[in-house]
Amino acid sequence: AQTVTQSQPEMSVQEAETVTLSCTYDTSESNYYLFWYKQPPSRQMILVIRQEAYKQQNATENRFSVNFQKAAKSFSLKISDSQLGDTAMYFCAFIFWGGGSQGNLIFGKGTKLSVKP
Amino acid sequence: NAGVMQNPRHLVRRRGQEARLRCSPMKGHSHVYWYRQLPEEGLKFMVYLQKENIIDESGMPKERFSAEFPKEGPSILRIQQVVRGDSAAYFCASSPPGQGFRRTEAFFGQGTRLTVV
């Protein structure tokens, strides 16, 4: 079974500092994609960053970057220069095709991040 | 280009009534996914549809739940004879046609929060 584990239910960080959210996953597939989604209080699911498993280079999007360790099945999200607007639930997720999967997302339970002024 | 539109945003039903949730995908998107989010949980896949076809319904409860994506009009998630345990946020996502990385561009609606009283 494919699973995603986020071991930090809640985290907090001071504005302008850096925070890292952890995610591990379990799959026997070799080709898949990994994502971090942000869900602010508005409930909208917003894609933050995505990573192709066959690419060794870590993805970056402005203040957001990932540390992808394929052998360890780890996919952490680093947020630099945290802003108040980063306060949200963050979900790690992945997609794979094959083995009966049709490309649906598999989500972790989320990490609630609070950015404090 | 409007995003994924879900309505209603909030829906209250009494036990035993029917709930109908609607999702209009982004223009040009041919894949629709429905997810359910229980309180304090991540999103769980329910069903994947293309126009007039259910491709994967492995996440749908066996009874009372059904989904469709007709040739014309929005995708509908129908829950018959609702019970308190159906209270959740229901999200729809759409993605463009094609395979591989492009299919990972899933865009989410704002969700419908169903409350069963």
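Residues numbered from 1 in each chain as written. Chains lettered and ligands numbered in written order. Predicted model: local features only at pLDDT ≥ 70, side-chain atom pairs only at ≥ 80, totals over all residues. Heavy atoms only, no water.

Visitor: Kindly report on the pattern of salt bridges, identifying the contributing residues and their values.
Guide: As enumerated under the stated definition, the model contains 8 salt bridges over all chains in all. With a closest N to O distance of 3.7 Å, Lys109(A) and Glu41(B) form a salt bridge. Taken together, the positions of Lys109(A) in the loop between β12 (106-107) and β13 (111-116) and Glu41(B) in the loop between β4 (31-37) and β5 (43-50) put the pair across two chains. On the basis of relative accessible area, Glu41(B) is assigned to the partly exposed category, the value being 22%. Among the ionic pairs, Glu18(B) bridges to Arg78(B), the shortest N-O distance being 3.8 Å. Taken together, the residues Glu18(B) in the loop between β2 (10-13) and β3 (19-24) and Arg78(B) in strand β8 (residues 75-79) connect sequence positions 60 residues apart. Through salt bridges with shared partners, a single ionic network connects Lys109(A), Glu41(B) and Lys44(B). (Salt bridge = Lys/Arg side-chain N within 4 Å of Asp/Glu carboxyl O. Helix = DSSP H or I, 4+ residues; strand = E, 2+ residues; numbered from the N terminus. Buried < 20%, exposed > 50% of the residue type's maximum accessible area, 1.4 Å probe, protein only.)

Visitor: Describe the environment of Val116(B), listing the residues and the values that go with them.
Guide: Residues and elements named next belong to chain B. Within the secondary structure, Val116 is located in strand β11 (residues 112-116). Exposure remark for Val116: the relative accessible area of 4% places this residue in the buried category. Put simply, Val116 and His10 are 106 residues apart on the chain and 11 Å apart in space, counted from C-alpha to C-alpha. If sequence neighbours within four positions are ignored, Val116 has contacts with Arg13, Arg14, Arg15, Val82, Val83, Arg84, Asp86 and Ser87. (Contact = heavy atoms within 4.5 Å.)

Visitor: Any details on the sheet that holds β8(B)? Residues and values, ideally.
Guide: Residues and elements named next belong to chain B. With antiparallel pairing, 4 strands are arranged side by side in an open sheet as β1-β3-β8-β7. Strand pairing shows two members of the sheet lacking a second neighbour, β1 (5-7) and β7 (65-68), which therefore form its edges. Direction aside, the axes of adjacent strands within the sheet are offset by 15° on average. Here 4 bridges tie β7 to β8, and the two strands are oriented antiparallel to one another. Considered in β8, the bridge of Ala67 is made with Leu77. (Pairing = 2+ DSSP bridges. Axes fitted to C-alpha atoms, helices over the stretch in contact; angles between N-to-C directions.)

Visitor: How would you sum up unusual backbone geometry? Please name residues and give values.
Guide: Look at the link from Asn7(B) to Pro8(B): it is a cis peptide, with omega at -5°. One non-glycine residue, Asp81(A), adopts positive backbone phi at about 50°. When you line up the elements, Asp81(A) lands in the loop between β9 (74-79) and β10 (88-98). Taking the relative accessible area as the measure of exposure, Asp81(A) reaches 39% and is therefore partly exposed. The phi dihedral of Gln81(B) falls on the positive side, at around 50°, and the residue is not glycine. The topology assignment puts Gln81(B) in the loop between β8 and β9 (88-95).

Visitor: Break down the environment of Gly111(B) for me, citing the residues and quoting the values.
Guide: When you line up the elements, Gly111(B) lands in the loop between β10 (107-108) and β11. Considering only alpha carbons, one finds Gly111(B) and Gly42(B), 69 residues apart in sequence, at a separation of 13 Å. Non-local contacts of Gly111(B), meaning those with residues more than four positions away in its chain, are made with Arg43(A), Gln6(B), Pro8(B), Arg9(B), Tyr90(B) and Phe91(B).

The quantities given are spatial measurements derived from coordinates; they are silent on function.
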